[in-house]
Each structure stands twice: as C-alpha cells, then as structure tokens.
Amino acid sequence: MKSIIFQTASKYLLPLLLLFSVFILLRGHYLPGGGFVGGLMAAIAFILYSFAFGLKETKSIVKLNPRYLMPVGLAVSILAAVSPWLVNLPVMTGLWYDEPLKLIGMVGSSLFFDIGVYLVVIGSTLTIMFSISETI
Amino acid sequence: MNNSWIVLPILFQLVSAVVLLLTWGNIKIQKIVSILLSAIGLGIGIWLFLLIYNHGIQVTQSGNWPAPFGITFVADTFGSTMVLLASIAGFSVSIFAAGSMSRARLRFGFFPLLHFLIMGLQGAFLTGDIFNLYVWFEVIIISSFVLITIGGKKAQLEGAIKYVALNLLASIFFLIGIAFLYGLTGSLNMADLATKVQEIDNKGLINVTASLFLVAFGIKSAVFPLYFWLPASYHTPPAAVGAIFGGLLTKVGVYAMVRTFTLIFAGDVFLSLILSVMAALTILSGALGAMYHRHLGKIFGYLIICHIGFMMAGVGMMTELAIVGTVFYLVHDIIVKTNLFMVSGLILKINGTQDIKELGGMYKSKPLLSLLMAIPLFSLVGIPPLSGFWAKLFFIKGGLESKEYFLIAFIILGSFLTLWVIAKVWSEVFWKDAVNLPKKSKGIFFHELSSTGKWVLVLPVIFLSIISLYIGFGAEHIVSLSQRIASELMNPASYIETVLSQKTIEP
C-alpha cells in the first residue's frame, strides 16, 4: 500500500507499538497481559510496517531471521521453568526477588518464562506472515 | 514420594526439540544430534522406570500448588513403563528416519517435530490431571498433523484431512467430557476425581460423561465404529512416520482409556457391556479389512485396529487378569507395530513397491533379512513362545474366569485371522517367485546405499526384534511387571493417597 499517510503513520506506530508490547509483557501475571499478548502486539507492529513498506524493507529492519526467535524463546522459557530445581522445588514454581525493581516491578522466574513466550510468539507469527507474503 | 525430577523425560524431549530447531536446515548435524539425544532420552526412560520399579509411585506438583488445585505429575508403574516404551520407539524411529527419509522431508523439520511428538506422549503418560492430559493430546495431534503432511504429496494431504478432521472431533468430545466432569465434581485432578465421582448418586449423568470419554478415546485409538480415519491415512506418510504413528499414537488412546476407566469410572457396568461389544466388532472389522487389502501399509493399518480390539476386550472384561493381558499386549504391541512399519519401509526400499501381489522372492534374495523380518511378523501372530502369545493367554484365562465366552470366541477368531493374514504376507512377499523386481521408483534403492546407510536402516529393526524376543522368551519378567501394573490399576487407593497427600514444599 503506497499511501503517504499510512506510511508516515506506520513509521511512528512501529516504535510505539513495540513499547506498548513491552508494557503489556511486564504488566502480565497478576493483571491482564503477559508474554503471549505482548508478543502478538510486537508481531503486529512489524506486520503493519510490512503492509506500508513491503516485505523487503521490513526484513531489513528485523535483521535476524525470526525463525531463530522460536528456539531461543523456548530455551529461555525452559530455563525459567526448571530453575526451581536448583533450590529443590518442583518445576514452574515462581521464584521471586524480594524487592520490586524500578519501572519493571516484581522480578521472578515467571517473568523470564513470559519473556520466552514473548519471543516464541514473535518468532512464529513473523515466520508465518513472512512465508505467506513471500508466496503471494 | 515427592520427586520433582520425574518430569525430566518431558523436558528433555523439549530441550532436544529446541536444540534441533537451532540447527534447522543442517540435515547432517540434525541426524546425528537427534540420534544422540534420543539415546539419552532412552537412558532417562530407563532411569525413570527403575526409579519407580524400586521406590514406588513418585509425584510432583508443578508450580508447588498442592494436589487438587495445581497440575500433578504422577509416575506410577504403568506411566513409567509407557514412558520407557515411547523412548524405545522414539530412539529406533530416529535412527530409521535418518536412514530412510528423503532430504526434502527432513529439511521441513522432521526431527524437531519427532521430539515434540515424543514430548507430548511422555507428558500424556506422566500427567495426573485430566485437563493436562487433554493438553498433551493436543501437543501430540498438532505435531502429528505436521508429520503426516510433511513432504506434501497429494495422497498424504488427502489422508491428513481425514486424520485431522476426526482427531479434532475427538478432541471436542474429550473437552466436553472434561467440562461435564468439572461441572459434576469441581475438580480436574484424576486422583481427586476418583474419590469424588464415586460419591455422586446420579449414575446416569456419570454414564453419559463416561460415554463422551469413550467416544473421544475410541476415535483416538481407532475402535469400531470410529476407526475409519486410520486405514485412510496411516499408509500415506513415509515409513518412519508410519512407525511412530502405528506404534504409539493409537496406544495413547488405549492408555487414556485404561487410565480413566480404572481410576475415574471404575466399576461401571453399563460401559463394560458396550466396551465388550465394541471390542468384538473391532477385532472382526480390523481382521477382515487386513484380509482384503494388498498394500502392506494398509494391511498393517487394519491389523492395528484388530489388535486394539484385543486390548479393548481386556478393558471390557475389567478383571485384574484381563488387565494383565491388556498391559502385556500394550507392551508387546508398541514394539512390534513400530517394527512392522519399519519392516514395510525396508521392503519398499528394497523392492520399490508395497503391493504384496507384485512383491516376492525376498527369502531367496535376502535370506538373513527375511529371517529378521520374520521375528516381528510372527511375534504379532503370537506363535509360542513369541511375544503375542502370552498376552492372549491372559485374555483367554481372564475371559474364562469371568465367563465371557463370547469375547473369547472373538479373540480366538481374531488370532486366526491375523495368522491367515501374516501367512499370506509371508508367502506372497517372501516365498513367491519375484517378477520384475525391484520396481522402478523415485527414491534410492537399498542396494544402492553405502554399507553405513544399510546398517542405519537395519539396526533399529534388529534392536526392536531383540526386544520382541526378550518379551517372548523373558515373558516372566513382563508378566510380573504387568501383574504389578494391573494390581495398581485395579486398586487405585495407593495412587490416590500418594497424589493427595503431597502438600506444598517449603524451600
């Protein structure tokens, strides 16, 4: 779509949507949000950009192949899930740092699990979208 | 006993899949890594089995939430045996796939998906939560959807559509059944359900719920009248995929059926009659289908159905002796069916065809290989002392004990028809004179492979045949194992107590 309004708007929307997706990611656990929705939001940001500027342009700003985000994200999630083994607790137990950090809030193993989910969702959604738009 | 390491078989397969995803596209490395990781996975399976065998049921509450609320993972003897069998099948299929699958198919991520599939199986065998069981079923079917379509040939896609449609239907039934159970009891933990379902007076509602589970697991395990997707789809994917499907996927349905009908819906008379009738008709229709077809994949597909009928018959009789038979048959069947599909792949590799009318002369051209292939074929029939025989002995003993003469008749009829089918396969494929073989086909023939390539194809068949022989000749071990599993299943008190007594662990 070569509309100037759309192109200009999506240029500004990309960083905004990415920031918002991180906000949604951090907001999760006790409030609505989390890795899955955040990841979808981030993927949508790139997809919107690719509608305005085309696939090639988008791939040049994403740089790395989104396919590799899936194993990396999965690995992060697995590490977060098995970390309680170190202190002899069952898998997936939430381990929390006592004090809330500035801006981020409470940090715990479930945050890293969500970050893993976030990466997997971005990776798989972008892989699907890129391969669909490549074949059209 | 509390042991947070029992989820290791599940997580290890996930880690393997992740490692293989990272090496995406590099087939040579993927082959080696997958075989190595499967070997370690097999080691973990053995470790878990020995742990449970020596120390009894182990439980972990994931997330450290106590029993009826969190998701419980339970490794009892039945579950850990199934984990071990799945690891054995996964290991041999991984080797066989490295030798037999075409590069194009491997490049689409066969190996990561294989490990995701095994992860789903391990999860289904270890979970103690009915909704979590559903989730593992989804993991299994989603990986299997991709595995069955990998390569994207027309026949494959046609088979896959039938497979996908009916399996999704089964999932819906399963989910509705779970919703009913939750509505009735307010719990999803299987041990908790076992106690709560017994207290409900409205038996009609319980029967309806149980029937929903019966339909769901019936579709998954391909019993009469719900089996039509199996012969339509199982012969289409390559042999390595067929092996893991034929060996394990229908058996998860049987596992789930045994688990729910011994634990949650124990002592349901209404269902026991339906199960018996279904079992008899499953045996008959599977055997008749196998007699009619001439494509090896289809014959073995129908034989799966026929033998699912045997296991269902054991569940239908619902006595301890019959459950011993079912468990023994499950152990024997997973190994033999995985092996049979690999054998059919090997025959295709050698001759370029799987039509038994066109095949022939195997015994003359490859005497040693034919002897090897005879082991799974005749184990399947159950010629004593090979493995199939002992399980049927328990079915017949169990049937005589509970006076189910009608089921015994069908089991014997099914055995005879299986013998007839295998004798036909044997005489057509191995004894008859060969004409115009090998047939022209696209892939690489067996005799064109390097000697490593040949061994990679033959080794998993040898491995599984040795296990088959062990099950037959070392039957006393498997019998004592099956008896232990059956007595645990029929007296679930210790299972329930172990699960529900585990409280939150303080760090």
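None of these values were measured; they are calculated from a predicted model. (Residues numbered from 1 in each chain as written. Chains lettered and ligands numbered in written order. Predicted model: local features only at pLDDT ≥ 70, side-chain atom pairs only at ≥ 80, totals over all residues.)

1. Some thoughts on the overall build of chain B
Within chain B, the regular secondary structure consists of 21 helices and two strands. For chain B, the C-alpha radius of gyration of 22 Å lies close to 23 Å, the compact-globule estimate for 507 residues. If you line up chain B on its principal axes, its C-alpha atoms span 70 × 55 × 40 Å. Buried positions account for 59% of the 507 residues belonging to chain B. At a minimum sequence separation of 6, the contacts of chain B that also span at least 24 residues come to 81%. (Helix = DSSP H or I, 4+ residues; strand = E, 2+ residues; numbered from the N terminus. Rg over C-alpha atoms; globule rule 2.2 N^0.38 Å. Buried ≥ 20, exposed ≤ 12 C-beta atoms within 10 Å, placed from the backbone. Contact = placed C-beta atoms within 7 Å.)

2. Things to note about the overall build of chain A
In terms of helices and strands, chain A carries five helices and zero strands. For chain A, the sequential pattern of α-helices and β-strands runs α-α-α-α-α. Principal-axis analysis of the C-alpha atoms gives chain A an extent of 55 × 30 × 20 Å. Of all 136 residues assigned to chain A, the portion counted as buried reaches 35%.

3. So, the UniProt feature "transmembrane region" (unreviewed entry) in chain A
All names here are of chain A. When the UniProt feature table is mapped to this numbering, "transmembrane region" (unreviewed entry) covers residues 12–30, 36–56, 68–87 and 107–132. Helix makes up 84% of residues 12–30 and strand 0%. Its end C-alpha atoms lie 30 Å apart. The span residues 68–87 is 70% helix and 0% strand, and its two end C-alpha atoms sit 31 Å from each other. (UniProt positions renumbered as here; feature names shortened; annotations may be inferred.)

4. A word on helix H7 (residues 154–185) of chain B
Residue and element names in this part refer to chain B. With 32 residues, H7 extends 47 Å from end C-alpha to end C-alpha; this agrees with the ideal 46 Å at 1.5 Å per step. Residues of H7 that are buried include every one of Gly159, Ala160, Tyr163, Leu166, Asn167, Ala170, Phe173, Phe174, Gly177, Leu181 and Thr185, and no others. Of the surrounding secondary structure, the elements contacted by the buried residues of H7 are helix H6 (130–149), helix H8 (190–198), helix H9 (203–221) and helix H10 (229–233). Trailing H7 by a residue or two, glycine 186 shows a phi angle of about 75°, which is positive. (Expected span 1.5 Å × (residues − 1).)

5. Here we look at the environment of B:Thr353
All names here are of chain B. Mapped onto the secondary structure, threonine 353 falls in the loop between helix H14 (320–351) and helix H15 (362–365). In this structure threonine 353 comes out as partly exposed when scored by C-beta crowding, with 19 C-beta atoms within 10 Å. Linking threonine 353 and lysine 439, residues 86 residues apart in sequence, is a C-alpha distance of 6.4 Å. Look past the residues within four positions of threonine 353 in its chain and what remains in contact with it is Leu348, Glu358, Leu359 and Lys439.

6. A short note on helix H2 (residues 27–55) of chain B
Residues and elements named next belong to chain B. With 29 residues, H2 should cover 42 Å at 1.5 Å per step; its first-to-last C-alpha distance of 41 Å lies within 8% of that length. By the burial criterion, the buried members of H2 are Gln30, Lys31, Ser34, Leu37, Ser38, Gly41, Leu42, Ile44, Gly45, Leu48, Phe49 and Ile52. The secondary structure elements touched by the buried residues of H2 are helix H1 (8–22), strand S1 (58–62), strand S2 (71–75), helix H3 (77–100), helix H4 (103–107) and helix H5 (110–126). Looking one or two residues past H2, glycine 56 carries a phi angle of roughly 80°, positive in sign.

7. Looking at the pairing of S1(B)
Of all the five residues making up S1(B), five are buried; the element is thus mostly covered by neighbouring parts of the structure. Of the two faces of S1(B), the one holding B:Gln58, B:Thr60 and B:Ser62 and the one holding B:Val59 and B:Gln61 are both buried throughout.

8. Quick notes on the interface of chain B and chain A
Each partner contributes residues to the interface: chain B has 16 residues there, and chain A has 14 residues. Of all the secondary-structure elements, those providing two or more residues to the side of chain B that touches chain A are H1 and S1 of chain B. Tallying contributions element by element places H1(B) first for the side of chain B that touches chain A, with six residues. Here the residues of the side of chain B that touches chain A sort into 10 nonpolar, six polar and no charged. (Nonpolar A, V, L, I, M, F, W, Y, C, P; charged D, E, K, R; others polar.)

9. A few points about the confidence of the model for chain A
Any residue range with low pLDDT should be treated as having predicted coordinates unsuitable for detailed reading. Model confidence for chain A is summarised by a mean pLDDT of 88, while 99% of its residues fall at 70 or above. Element-level mean pLDDT values for chain A span from 86 in helix H3 (residues 55–62) of chain A up to 92 in helix H4 (residues 69–82) of chain A. (pLDDT = per-residue confidence, 0-100.)

10. Description of the pairing of S2(B)
Residues and elements named next belong to chain B. Summarising burial for S2: five of the five residues are buried, a large majority. The two faces of S2 match: Ile71, Phe73 and Ala75 on one face and Thr72 and Val74 on the other face are all buried. Inspection of the sheet shows S1 paired to S2 by five bridges, in the antiparallel sense. Paired with serine 62 across the bridge in S2 is isoleucine 71. (Pairing = 2+ DSSP bridges.)

11. Focus on the environment of A:Tyr97
Residue and element names in this part refer to chain A. Mapped onto the elements, tyrosine 97 comes out in the loop between H4 and helix H5 (109–135). On the basis of neighbour count, tyrosine 97 is assigned to the exposed category, with 11 C-beta atoms found within 10 Å. The spatial distance from the C-alpha of tyrosine 97 to the C-alpha of glycine 108 is 5.8 Å, given a sequence separation of 11 residues. Excluding its chain neighbours within four sequence positions, the residues that come into contact with tyrosine 97 are Val107 and Gly108.

12. Here's the deal with the packing of H5(B) against helix H11 (residues 239–263) of chain B
Residues and elements named next belong to chain B. Across the interface, H5 lies against H11 with an axial gap of 11 Å and an inter-helix angle of 25°. Taken as axis vectors, H5 and H11 run roughly parallel relative to one another. Both H5 and H11 take part in a crossing whose hand is left-handed. Here Leu114, Leu117, Leu121, Ala124 and Phe125 of H5 come into contact with H11, specifically with Ile244, Leu248, Val252 and Tyr255. (Axes fitted to C-alpha atoms, helices over the stretch in contact; angles between N-to-C directions. Parallel < 35°, antiparallel > 145°, perpendicular 65-115°, else oblique. Left-handed = near helix turned anticlockwise from the far one by under 90°.)

13. Quick look at the UniProt feature "domain: Na+/H+ antiporter MnhB subunit-related protein" (unreviewed entry) in chain A
The UniProt entry lists residues 5–126 of chain A under the feature "domain: Na+/H+ antiporter MnhB subunit-related protein" (unreviewed entry), expressed in the numbering used here. With 67% helix and 0% strand, the stretch residues 5–126 of chain A has end C-alpha atoms that lie 24 Å from each other.

14. Regarding the packing of helix H13 (residues 296–317) of chain B against H14(B)
Residue and element names in this part refer to chain B. Between H13 and H14, whose axes approach to 9 Å, the crossing angle comes to 175°. If you check the angle between H13 and H14, you find them roughly antiparallel. Listed contacts from H14 to Leu296, Gly297, Phe300, Ile304, His307, Phe310, Met311, Gly314, Val315 and Met317 of H13 are Ala322, Ile323, Gly325, Thr326, Tyr329, Leu330, Asp333, Lys337, Leu340, Phe341, Ser344 and Ile347. Class assignment for the residues of the contact of H13 with H14 results in 14 nonpolar, six polar and two charged.

15. Notes on unusual backbone geometry
What you tend to see is this: most non-glycine residues have negative phi, and most peptide bonds are trans. Cis geometry is adopted by the peptide bond preceding B:Pro225, which originates at B:Phe224 and carries an omega value of -20°. A cis amide bond links B:Pro384 with the next residue in sequence, B:Pro385, at an omega value of 5°. Along the chain, B:Pro385 turns up in the loop between helix H16 (367–381) and helix H17 (387–401). For A:Asn88, which is not glycine, the phi torsion reads 60° and is therefore positive.

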